[in-house]
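Chains, contacts and geometry: an overview
Listed below are the residues making up each chain.
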Amino acid sequence: DTEVTQTPKHLVMGMTNKKSLKCEQHMGHRAMYWYKQKAKKPPELMFVYSYEKLSINESVPSRFSPECPNSSLLNLHLHALQPEDSALYLCASSQDRGLGDSPLHFGNGTRLTVT
Amino acid sequence: AQSVTQLDSHVSVSEGTPVLLRCNYSSSYSPSLFWYVQHPNKGLQLLLKYTSAATLVKGINGFEAEFKKSETSFHLTKPSAHMSDAAEYFCVVRWNNNDMRFGAGTRLTVKP
């Protein structure tokens, strides 16, 4: 069982819908991450929050909007997505972004399909 | 630019035989090194990490990795493959400047 919980496990949405992905961790980690993973590829970094502040946005389109309400929660708000945005979205956390040897702990992901 | 190279996109072994998954990285700064495993439709699970202590690192499920600075390598091994080891494996490197890169992944197939 993973210590990072993501909901929902699966999501199908139309291009005009608005939906949100949720991620929760209770390990006291202060860095949280969103990754996008296409089939047979490594995860690609989208956003990093450090101490609840957005520290990295990897030039992600504005139809993806992250939010970190508190140190345990991370959301990804989705609006007007395109079919090519269909992917596995992974949330991860680490103890502190500044600690180089602090590993990432991943959730099981949300499988998103945009129709 | 810093980079991580997993030399094999696909490795196939028979059950009970050794596993070797290869990873090389560029060496601009002293890195922390990790191996992760991903089973289908799951997240990534940490197998082991190297953080400048012992060069031979033991991980979960019988996996080990050896850090070789002179070769800038961090290859993953297991003496005897099990059917449940079939998965995608990612080598991940984080440098002192906090730049973190994933290798492209190696798909391990285990034949009965």
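Values in this document were obtained by computation on a predicted structure and should not be read as measured data. (Residues numbered from 1 in each chain as written. Chains lettered and ligands numbered in written order. Predicted model: local features only at pLDDT ≥ 70, side-chain atom pairs only at ≥ 80, totals over all residues. Heavy atoms only, no water.)

Now for the overall build of chain A. Counting secondary structure elements, chain A contains zero helices and 11 strands. A compact globule built from 115 residues should have a C-alpha radius of gyration of about 13 Å, and chain A, at 13 Å, falls within 12% of that. Over its C-alpha atoms, taken along the principal directions, chain A stretches across nearly 40 × 25 × 25 Å. Looking at chain A as a whole, 45% of its 115 residues qualify as buried. A sequence separation of at least 24 residues applies to 55% of the contacts in chain A between residues at least 6 apart. By element, 49% of the accessible surface of chain A is carried by carbon and sulfur atoms, the whole surface being about 5,700 Å². (Helix = DSSP H or I, 4+ residues; strand = E, 2+ residues; numbered from the N terminus. Rg over C-alpha atoms; globule rule 2.2 N^0.38 Å. Buried < 20%, exposed > 50% of the residue type's maximum accessible area, 1.4 Å probe, protein only. Contact = heavy atoms within 4.5 Å. Areas by Shrake-Rupley, 256 points an atom, 1.4 Å probe, with all protein chains shown as cover.)

Right, let's talk about the interface of chain B and chain A for a bit. In this assembly, 18 residues from chain B lie in contact with 20 residues from chain A. Interface area for chain B against chain A, summed over the two sides, is near 1,500 Å², with a carbon-plus-sulfur share of 52%. For the chain B face of the interface with chain A, the top three residues by lost area are Arg94, Asn98 and Phe102 of chain B, together amounting to 31%. If you look at where chain B meets chain A, you find zero salt bridges. If you look at where chain B meets chain A, you find five residue pairs in polar contact (both at pLDDT 80 or more). Mapped by element, the contributors of at least two residues to the side of chain B that touches chain A are β5 (32–38), β6 (44–50), β10 (87–94) and β11 (100–102) of chain B. Per-element accounting of the side of chain B that touches chain A gives the leading share, four residues, to β5 of chain B. Per-class residue counts for the side of chain B that touches chain A are eight nonpolar, seven polar and three charged. (Buried area = accessible area lost by both parts, 1.4 Å probe. Salt bridge = Lys/Arg side-chain N within 4 Å of Asp/Glu carboxyl O. Polar contact = N/O pair within 3.5 Å; in protein donor to acceptor, adjacent residues only side chain to side chain. Nonpolar A, V, L, I, M, F, W, Y, C, P; charged D, E, K, R; others polar.)

Treat this as a map of the structure, not an account of what it does.
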